[in-house]
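For reference, the chains in residue letters:
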Amino acid sequence: MALDQETLTLLIDAVRRFVTERLVPAEDELANSGAVPEDIVREMRDLGLFGLSISPDYGGLGLTMEEEVRVVFELGQTSPAFRSLAGTNIGIGSQSIVLAGTDAQRAEYLPRLASGELIGSFALTEPDAGSDAMSLRTTAQRDGDDYIINGTKRYITNAPIAGLFSVMARTAPERRADSISCFLVPVGTPGITLGKPDKKMGQAGALTCDVVFDNCRVPASALLGGQEGTGFRTSMRVLDKGRLHIAALCVGIAERLLRDAVRYALERKQFGQPIAEFQLVQAMIADSQAELYAARCMVLDAARLRDRGENTTMQAACCKMYATEMVGRVADRAVQIHGGAGYISEYAVERFYRDVRLFRLFEGTTQIQQLVIAREALKAYA
């Protein structure tokens, strides 16, 4: 159920103040330490940011998709690593349980995910299975009342701090969607080993690492929904929603980048006048504003379609493709407007330039989005 307008406005205002007053001033600390300060984590929990998409029945805010993206527009105004901490609980770390979990699984995990007590992590990608998720090799073999999981997962977001893994594993050898199942595996389960946190180009503080399952024994009750063969289809539904979330995040970051670029252009003087008065600088600002506006409209439209119960696979892929490419262009222009200063880490645009590169890769590369869009268009217009 949608929030009333007054409540939604209060929530967005509260998130905006939190971003401006707490997160933006902590960006340098996060970049240097590689960790979100504990006091900020507590405040994120108090604001309900870990439970945006989880029903109030389980302690979350239960936002609609449109409400969620409006909140994410605000969270995008700062380092994406802050959002990443809660991002898996909002999306891929919880939504498989929301969509397909048993009543017992929902009751056990969703309240703790919504509060931020438990960090969820979605373990799909493998060393030899990225875009081609169907080729994953992790297996889950039935052994009496248990399953034994073996395999390695790679680049798993929030794995170093996770309390729960949603693990995609093969329960049948055939290369079919119904050969892949999902298991809910608490991090303390024997047989789980975490690799060292990955050293990445950007997004310091957004932690990833390998997760190795070596004869990891879990009870049959860990099988998502209590049914084999539903994991792959559930994960694709989760990714549809996640792609809208990421697109909204890119809109927010682009707004921050453009605001920083405009402010710099108004302050920086060359040839006796602010560089904002030069038409070629204005052209970069205009292109960025137009593309940002287009992405924002796309995301809001797709979110409203999803809230009406329509299939938004194509629209979500369009948003993910366009918004992630758009924010890369805006980041590039922001650095260009800053000139040499844009290459210096003292300015946030240098960090954002590296941070946003990831968005064209995870939750489906740009090229995968193109394939999805083309496939859906061929069906729609045939």
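This one's a predicted model, so the numbers in the text were calculated from it and none came from an experiment.

Tallied over the full model, the rule gives five aromatic pairs. Relative to phenylalanine 213, the ring of phenylalanine 165 has its centre 6.3 Å away and its plane inclined at 85°; by these criteria the two rings are edge-to-face. With phenylalanine 165 in strand E4 (residues 164-170) and phenylalanine 213 in strand E7 (residues 208-219), this residue pair connects regions lying 48 residues apart in the sequence. The same class applies to phenylalanine 165 as to phenylalanine 213, namely buried. Taking 5.8 Å as the distance between ring centres and 45° as the angle between the ring planes, the aromatic pair formed by phenylalanine 359 and phenylalanine 362 counts as tilted. It is arginine 329 that lies over the ring of tyrosine 322; its NZ or CZ is 5.9 Å from the centre. In this structure, arginine 351 packs its charged tip against the face of phenylalanine 352, placed 5.2 Å from the ring centre.

Attention shifts here to the layout of surface pockets. Counted as a void, the second largest pocket has a volume near 310 Å³. Listing elements by their share of the lining of the second largest pocket, those giving two or more residues are helix H1 (5-23), helix H8 (231-267) and helix H11 (348-355). The element that contributes the greatest number of residues to the lining of the second largest pocket is H8, accounting for six residues. Among the residues forming the lining of the second largest pocket, the class breakdown is six nonpolar, three polar and seven charged.

The end-to-end C-alpha separation of helix H9 (residues 279-307) is 42 Å, in line with the 42 Å expected for 29 residues at 1.5 Å each. The complete set of buried residues in H9 reads Val281, Ile285, Ser288, Glu291, Leu292, Ala295, Val299, Leu300, Ala302, Ala303 and Leu305. Lining the buried residues of H9 we find helix H4 (65-75), H8 and helix H10 (313-338). Immediately downstream of H9, the backbone of glycine 309 shows phi near 90°, a positive value.

Rules used throughout
Residues numbered from 1 in each chain as written. Predicted model: local features only at pLDDT ≥ 70, side-chain atom pairs only at ≥ 80, totals over all residues. Heavy atoms only, no water. Phe/Tyr/Trp six-rings, centres within 6.5 Å; stacked < 30°, edge-to-face > 60°. Helix = DSSP H or I, 4+ residues; strand = E, 2+ residues; numbered from the N terminus. Buried < 20%, exposed > 50% of the residue type's maximum accessible area, 1.4 Å probe, protein only. Lys NZ or Arg CZ within 6 Å of the ring centre and 35° of its normal. 1 Å grid on protein atoms, 1.4 Å probe; cavity = no way out; pocket = protein on both sides within 12 Å on 5 of 7 lines; lining within 4 Å. Points joined across faces, edges and corners; volume = space filled by probe spheres on them. Nonpolar A, V, L, I, M, F, W, Y, C, P; charged D, E, K, R; others polar. Expected span 1.5 Å × (residues − 1). Contact = heavy atoms within 4.5 Å.

Taken by themselves, the reported measurements are silent on function.
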